[in-house]
Amino acid sequence: MTDSKPAALPPMPWPEEDFSVHGPVEARKVGKIQHYVGRVMQRNWSTIPHVTHNDDADITAFEQRRKAWNAAHPDARRTLLPALIKVAVACLQKYPQFNVSLSADGATLFQKGYYHIGIAVDVPTGLLVPVIRDCDRKSIGEIADEVARVAEKARTKGLSVAEMSGGCFSLSSLGHIGGTSFSPIINAPEVAILGITRTQDRFVPDADGKPLLRSFLPLSLSYDHRVINGADAARFTRAFADALAAFEFN
């Protein structure tokens, strides 16, 4: 005699309700882009076993160097995002298990030999993720120019499917808005995405125990637990924080 498990029950149907009985309502169609992105997000969240690892990067010295660069080069000012892209490439090179894609049946891993980084862009009609290609071969200045160009195109003209395809790893920054951490949804077929929220200033003890004001950037790494384990995620995030702290502008 063998034990048999009961079949999984199908999900409950979506509740249908006449909201007008409770008060005034206005019905409007979901935009095409928002509807498409919503379906993609639902697929990714429901099929990928997400885990999010949180850490902080001490960017006190990084910000000092960035501000010094900007003061010396007012026509080539540096922002955070291009530096994050270059650091992401360095970490993918150090931890190649993050630069893979998993086949739909979960049986095959595709190791990538290129470094294309997606950047989430908030647009009036939803969320788009343009991909900056060959970031290992481009200078931070070239990446900064391309980020500005594709972000503007995403907000005005929109992007083609080709411009949002082929990514290895994505960055989603909410630092210009706020927050302390979040769980970004992986952009399949990638296996990880890094979320960034607003820099926080707080006091930490120095070597003598005296309070020292430092700037910390919160990092939230969501990863596919079928491919990446927790120890690797912790190492990757710590390496990202260390590389950002040591980043030199040029």
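Residues numbered from 1 in each chain as written. Predicted model: local features only at pLDDT ≥ 70, side-chain atom pairs only at ≥ 80, totals over all residues. Heavy atoms only, no water.

(A) Expanded view of the packing of helix α3 (residues 80–94) against helix α5 (residues 230–245). Put simply, α3 and α5 touch, their axes get as near as 9 Å, and they point 130° apart. Compared by their axis directions, α3 and α5 come out oblique. In the crossing of α3 with α5, the sense of the turn from one axis to the other is right-handed. Here α3 contributes Leu 80, Leu 84, Val 87, Ala 88, Cys 91, Leu 92 and Lys 94 to the contact with α5, which in turn contributes Phe 236, Ala 239, Phe 240, Ala 243 and Leu 244. Among the residues making up the contact of α3 with α5, the classes are represented as 11 nonpolar, no polar and 1 charged. (Axes fitted to C-alpha atoms, helices over the stretch in contact; angles between N-to-C directions. Helix = DSSP H or I, 4+ residues; strand = E, 2+ residues; numbered from the N terminus. Parallel < 35°, antiparallel > 145°, perpendicular 65-115°, else oblique. Left-handed = near helix turned anticlockwise from the far one by under 90°. Contact = heavy atoms within 4.5 Å. Nonpolar A, V, L, I, M, F, W, Y, C, P; charged D, E, K, R; others polar.)

(B) The arrangement of the pattern of salt bridges in detail. Enumeration according to the criterion identifies 11 salt bridges in this entry. A salt bridge links Arg 65 to Glu 248; the shortest N-O distance between them is 4.0 Å. Linking Arg 65 in helix α2 (residues 60–72) with Glu 248 in the segment after α5, this pair joins segments that are 183 residues apart in sequence. Accessibility expressed as a relative area gives 23% for Arg 65, which makes it partly exposed. Between Asp 224 and Arg 226 there is a salt bridge, with its nearest N and O atoms 2.8 Å apart. (Salt bridge = Lys/Arg side-chain N within 4 Å of Asp/Glu carboxyl O. Buried < 20%, exposed > 50% of the residue type's maximum accessible area, 1.4 Å probe, protein only.)

(C) Expanded view of α2. Here α2 is 13 residues long and its end C-alpha atoms lie 19 Å apart, about the 18 Å a rise of 1.5 Å per residue gives. Thr 60, Phe 62, Glu 63, Arg 66, Trp 69 and Asn 70 are the residues of α2 that are buried. Contacts from the buried residues of α2 go to β1 (50–58), α3, β11 (211–224) and α5. (Expected span 1.5 Å × (residues − 1).)

(D) Examining the pairing of strand β10 (residues 200–205) more closely. With 0 of 6 residues buried, β10 lies mostly on the surface of the structure. The loop that links β10 with its antiparallel partner β11 comprises 5 residues; one of these, Gly 209, has a positive phi angle of about 85°. (Pairing = 2+ DSSP bridges.)

(E) Representation of the packing of aromatic side chains within the structure. This structure, assessed with the given rule, holds 6 aromatic pairs. Ring centres of Phe 62 and Phe 247 lie 6.3 Å apart, and the angle between their planes is 55°; on these two criteria the pair is classed as tilted. Here Phe 62, found in helix α2, pairs with Phe 247, found in the segment after α5; they are 185 residues apart in sequence, far enough to count as distant. Each member of the pair, Phe 62 together with Phe 247, is buried. Measuring from ring centre to ring centre gives 5.3 Å for Phe 247 and Phe 249, while their planes differ by 80°; the resulting arrangement is edge-to-face. Judged by its relative accessible area of 13%, Phe 247 is buried. Residue classification places Phe 249 among the buried positions, given a relative accessible area of 11%. Put simply, the rings of Tyr 95, Phe 98, Phe 169 and Phe 236 touch in pairs and so form one group of aromatic residues. (Phe/Tyr/Trp six-rings, centres within 6.5 Å; stacked < 30°, edge-to-face > 60°.)

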